[in-house]
Amino acid sequence: MIDATAHVNGLRRKLARLKDFGRPPARAENVPAERGTASPFWVIVQKEFGDHMRSWRFGILIGIIALACIGSIYAAVTALKDGVKTQDTDTSFLFLQMFTASDGTLPTFTTFVSFLGPLMGIALGFDAINSERGKGTLSRMLSQPIYRDDFIRAKFTASLLLIAVVLYALGFLVMGLGLFTIGYPPTPEEVVRVVLFLAIGVVYVGFWLNLSMLFSIRFRQAATSALSGIALWIFFSVFYSMIMGIVDRATMPPETSALSMLLRHAKMMLALNRLSPSFLFSETTSTMLAPGVRSLGPLTTEQVVGAIASPLPLGQSLLLCWPQLVGLVAATLICFGFSYLLFMRQEIRSRS
Amino acid sequence: MVMVHPETQAATAEAALPIIELSRLTKRYDGHAAVNELDLTIAKGEIFGLLGPNGAGKTTTILMMLGLTEPTSGRVRVCGLDPTRQPLQVKRRVGYMPDDVGFYEDRTALDNLLFTARLNRIASEPARRKALELLERVGLSGALDKKVGAFSRGMRQRLGIADVLIKHPEVIVLDEPTLGIDPEGVRELLQLIRDLSRLEGLTVLLSSHHLHQVQQICDRVGLFVRGELIASGDVKSLAEQLDDDRAVTVELEVSGWSEELGERLAGIPGILSFGVPERRNAAPDEASSGEETVRIQLRCERDLTTDAARAVIDSGASLHAVSRKQYGLDDIYHRYFEGGGSA
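Cut-off values and rules
- Residues numbered from 1 in each chain as written.
- Chains lettered and ligands numbered in written order.
- Predicted model: local features only at pLDDT ≥ 70, side-chain atom pairs only at ≥ 80, totals over all residues.
- Heavy atoms only, no water.
- Helix = DSSP H or I, 4+ residues; strand = E, 2+ residues; numbered from the N terminus.
- Contact = heavy atoms within 4.5 Å.
- Areas by Shrake-Rupley, 256 points an atom, 1.4 Å probe, with all protein chains shown as cover.
- Buried < 20%, exposed > 50% of the residue type's maximum accessible area, 1.4 Å probe, protein only.
- Pairing = 2+ DSSP bridges.
- Right-handed = clockwise from strand over helix to strand, strands pointing away.
- Axes fitted to C-alpha atoms, helices over the stretch in contact; angles between N-to-C directions.
- Left-handed = near helix turned anticlockwise from the far one by under 90°.
- Nonpolar A, V, L, I, M, F, W, Y, C, P; charged D, E, K, R; others polar.
- UniProt positions renumbered as here; feature names shortened; annotations may be inferred.
- Buried area = accessible area lost by both parts, 1.4 Å probe.
- Salt bridge = Lys/Arg side-chain N within 4 Å of Asp/Glu carboxyl O.
- Phe/Tyr/Trp six-rings, centres within 6.5 Å; stacked < 30°, edge-to-face > 60°.
- Lys NZ or Arg CZ within 6 Å of the ring centre and 35° of its normal.
- pLDDT = per-residue confidence, 0-100.
- Disulfide = S-S within 2.5 Å.
- Core = buried A, V, L, I, M, F, W, Y, C linked by side-chain atoms within 4.5 Å.

### Some remarks on the overall build of chain B
Along its length, chain B carries twelve helices and 14 strands. Across chain B, the fraction of contacts at a sequence separation of at least 24, relative to all contacts at a separation of at least 6, is 72%. If you sum the accessible surface of chain B, you get close to 14900 Å²; carbon and sulfur atoms cover 47% of it.

### Examining the overall build of chain A
The secondary structure content of chain A amounts to 14 helices and zero strands. Sequence-ordered secondary structure for chain A, helices as α and strands as β, is α-α-α-α-α-α-α-α-α-α-α-α-α-α. Excluding contacts between residues fewer than 6 apart, the proportion of contacts in chain A whose partners are at least 24 apart in sequence is 80%. Counting only carbon and sulfur atoms, one obtains 70% of the accessible surface of chain A, whose full area is about 17000 Å².

### Observations regarding the pairing of strand β7 (residues 203-208) of chain B
Residue and element names in this part refer to chain B. In terms of burial, β7 is a largely internal element, six of the six residues being buried. Neither face of β7 is exposed, since T203, L205 and S207 on one face and V204, L206 and S208 on the opposite face are all buried. Inspection of the sheet shows strand β3 (residues 47-51) paired to β7 by five bridges, in the parallel sense. Each bridged residue has a counterpart across the sheet, and for I47 the counterpart in β7 is V204. Pairing of strand β6 (residues 171-175) with β7, which is carried by five bridges, proceeds in the parallel orientation. What sits directly across from V173, in β7, is L205. Between the parallel elements β6 and β7, the chain passes through helix α7 (residues 183-200) in a crossover that is right-handed.

### Thoughts on the packing of helix α5 (residues 109-125) of chain A against helix α9 (residues 188-218) of chain A
All names here are of chain A. Their axes nearest at 7 Å, the elements α5 and α9 cross at an angle of 35 degrees. Crossing of α5 against α9: the hand is right-handed. In contact with F109, T110, V113, S114, G117, P118, G121, I122, L124 and G125 of α5, α9 contributes F197, Y204, V205, W208, L209, S212, M213 and S216. Across the contact of α5 with α9, the residue classes break down as eleven nonpolar, seven polar and no charged.

### A word on the environment of M268(A)
Its place among the elements puts M268(A) in helix α11 (residues 259-273). Residues M268(A) and L124(A) lie 144 residues apart in sequence; the distance between their C-alpha atoms is 35 Å.

### Side note on the UniProt feature "transmembrane region" (unreviewed entry) in chain A
Residue and element names in this part refer to chain A. Per the UniProt record, the feature "transmembrane region" (unreviewed entry) sits at residues 56-77, 106-126, 158-182, 194-215, 227-247 and 322-343. Between the C-alpha atoms that bound residues 56-77 the distance is 32 Å, and the span itself is 100% helix and 0% strand. For the annotated span residues 106-126, helix accounts for 81% and strand for 0% of the residues, and the straight-line distance between the end C-alpha atoms is 29 Å.

### What about the interface of chain A and chain B?
Contact residues are listed per partner, giving 44 residues for chain A and 39 residues for chain B. Carbon and sulfur atoms make up 49% of the area that chain A and chain B hide from each other, which totals about 4100 Å². Taken together, chain A and chain B are joined by two salt bridges. The salt bridge involving R140(A) is made with D163(B); its shortest N-O contact spans 3.0 Å. Those elements that place two or more of their residues in the side of chain A that touches chain B are α1 (2-22), α2 (40-54), α6 (130-135) and α7 (138-142) of chain A. Top contributing element to the side of chain A that touches chain B by residue count: α2(A), with eight residues. In the side of chain A that touches chain B, the residues fall into 16 nonpolar, 13 polar and 15 charged.

### Some points on the packing of aromatic side chains
Summed over the entire model, instances satisfying the criterion amount to 16 aromatic pairs over all chains. Considering the side-chain rings of Y168(A) and F172(A), the 5.7 Å spacing of their centres and the 50 degrees angle between planes classify their relative orientation as tilted. You can see Y168(A) and its partner F172(A) sitting in helix α8 (residues 148-182), four residues apart, about one turn around the helix. Under the relative-accessibility criterion, F172(A) is labelled partly exposed at 40%. Between F235(A) and Y240(A), the aromatic rings sit 5.8 Å apart at their centres with planes inclined by 70 degrees, giving edge-to-face as the arrangement. Owing to a relative accessible area of 8%, Y240(A) belongs among the buried residues under this scheme. Grouping aromatic residues by their ring pairs yields a cluster made of F207(A), W208(A), F235(A), F236(A) and Y240(A). Across from the ring centre of Y104(B), 3.8 Å away, lies the NZ or CZ of K47(A), which sits over that ring.

### Quick notes on the pattern of salt bridges
Here the structure, examined in full by the defined rule, presents 23 salt bridges over all chains. Two residues, R57(A) and D127(A), come together in a salt bridge whose shortest N-O distance is 2.8 Å. Placement of the pair is R57(A) in helix α3 (residues 56-86) and D127(A) in the loop between α5 and α6, with a sequence separation of 70 residues. In this structure, D82(B) engages R77(B) in a salt bridge whose closest nitrogen and oxygen atoms are separated by 3.9 Å. Classification of D82(B) as buried rests on a relative accessible area of 15%.

### Looking at the confidence of the model for chain A
Residues and elements named next belong to chain A. For chain A, the mean per-residue pLDDT works out to 83, and 86% of the residues sit at or above 70. Predicted confidence for residues 1-8 stays below pLDDT 50, and this span has twelve contacts to residues more than four positions away or in other chains. Predicted confidence is poor over residues 18-32, with pLDDT under 50, and the contacts of this stretch with residues over four places away or in other chains come to eleven contacts.

### A look at the state of the cysteines
All names here are of chain B. All chains considered together, the criterion is met by zero disulfides over all chains. Here C79 is not cross-linked by a disulfide; its sulfur's nearest cysteine counterpart is in C218, at 19 Å. For C79, a relative accessible area of 21% translates into the label partly exposed.

### Some details on the side chain of T285(A)
Residues and elements named next belong to chain A. As for its position among the elements, T285 is in helix α12 (residues 277-289). For T285, a relative accessible area of 6% translates into the label buried. Ignoring sequence-local partners within four residues, the contact set of T285 consists of T110, F197 and A290.

### Things to note about the nonpolar core
Among the nonpolar cores identified, the biggest contains 109 residues, and F99(A), F151(A) and F343(A) are the most heavily contacted of them. At 14 residues, the largest contribution of residues to this core is made by α9(A). Setting aside its immediate chain neighbours within four residues, F343(A) contacts I129(A), L138(A), L142(A), R148(A), F151(A), I152(A), I217(A) and I348(A). Grouped together as the second largest cluster of nonpolar side chains are 50 residues, L51(B), M97(B), L144(B) and L174(B) included.

Listed below in structure tokens is the structure:
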């Protein structure tokens, strides 16, 4: 029965909104839904946002990430100072190298985002639902006139908003500091590229957030859901590439085999690698931040014959990484779909 | 099997509009029925007590009324609405306080109340006024700026009542509201619930396994055992349902017992049966008299207390105590729970 409710929920909500427009104060004595009051969805978003901001967990996380980013700027700036003297080909997009260059002492900004971003997503989502359940507030909340899907959507939105704020703040901080230290202003295209890169970062962290929220619905214990999230995170960011390396070596055709064989193998490995969200993210960021990247797959010499080695315009870069971006969004949506499916039919008992 | 008695004083005043209707409601978990073919009607303005041991299906029934879990089969109507199909309308009208209610512990009592008010789309100014008024009413006005984490169990329950009331409900559902509160707190809480129901015409459904508390304030109670409502009605009619043969039990405490007195008692017209005289040693201060006190139970067709007492006195024995045994909920409870719902 609830299943049917879930299907028509969106439509019904729209209808309900229309109805509310029709008769604002008519049933005021019964339903004091005054105009100008925020919808329950935004009320929850606001509260969650505030809760996160004030939590110790968030303070610690932002501390780690901010320190890492400042470290990466330092590394990038020293690398740029050395690099500018030696290599003079890529000075057209010098500013973007703030995010991708490093002198080797510390990882780059993009590496930090792809590594620590998931941690932030997991930390904000792993106890979203099960802690409410444990504190006995879930049944009280859901006995208020709000839809169940509004509740999880609001939780997700609040955390995603926070992630967006943090990532953009850090990104712009890096840009600002870069301006100070290298004294080289960015072109409008570079700014747009950075903004898009940060947006992709938000989508990527949003995927991990959604995954950990799915775990928080599935597992009653916050510790279980946190551990499952962290296990997957470590698996994808550390072990997956190692495993793929082994698979690559094991299935590699001999170097003397036909070009089509080699190509097929390379494509298969790429497809396998792309199952990992962090690989997708690194592909998109490298396209966005390094305009020189012209293809994400293998290229034969025939294909590059006659091509002029020049950076891609913004639109083409975006087009190049579009499938990866869609893949990330799709993974997020799949997680959300599962959370929805689980949560809509779950029985809400107090503290169990 | 289940009898519904609509003839209560509250119901007659309110034209006996049913506000909660359950018919053939069933909920199964992996084949075992938590609630089985339940029929129940609660009239507007009534205080109804769901009484039963742990695991009897009380909470499951309440969850189904609120659409927090879906019934396996059967029909639920709350204020004429189906909670699975129209959850929002139902939740707007029904205030629910879960068993062991939880609050956001790092927020103050007032913040928690205001949050609920905002979820119910009450504008901030009236919400604040109402919240302060309710906190005053439940006796928490001194603690409104305290974080809920520092609250005692009783304070939480009282805050829970305020939380339920802030949305101006028509029906309030309280799951084990008195659990874990000290006796004085229970008394105040029950008084509060009763006042609310009487003054504001609220329908109250409360579940409990503390029969005495339920007995104090409920217009009607329903006895729940293993997912079935085995009896419902006011306390008096429950006693009648229990006592199928309508016999009255008279208990006498007599010293100077003799066989002749026994025969005499048995000879009173209307005496159905005659318990075995239970000999007890006299109380220490009466030990000097050397007489034994006998306690005896008579089952009578009607109230024969006076006749029995007269018989004892006429026979020259001394009468220490007479009591007519009335069935309280305790007895009813025991009988049903021991009988395992076979009644």
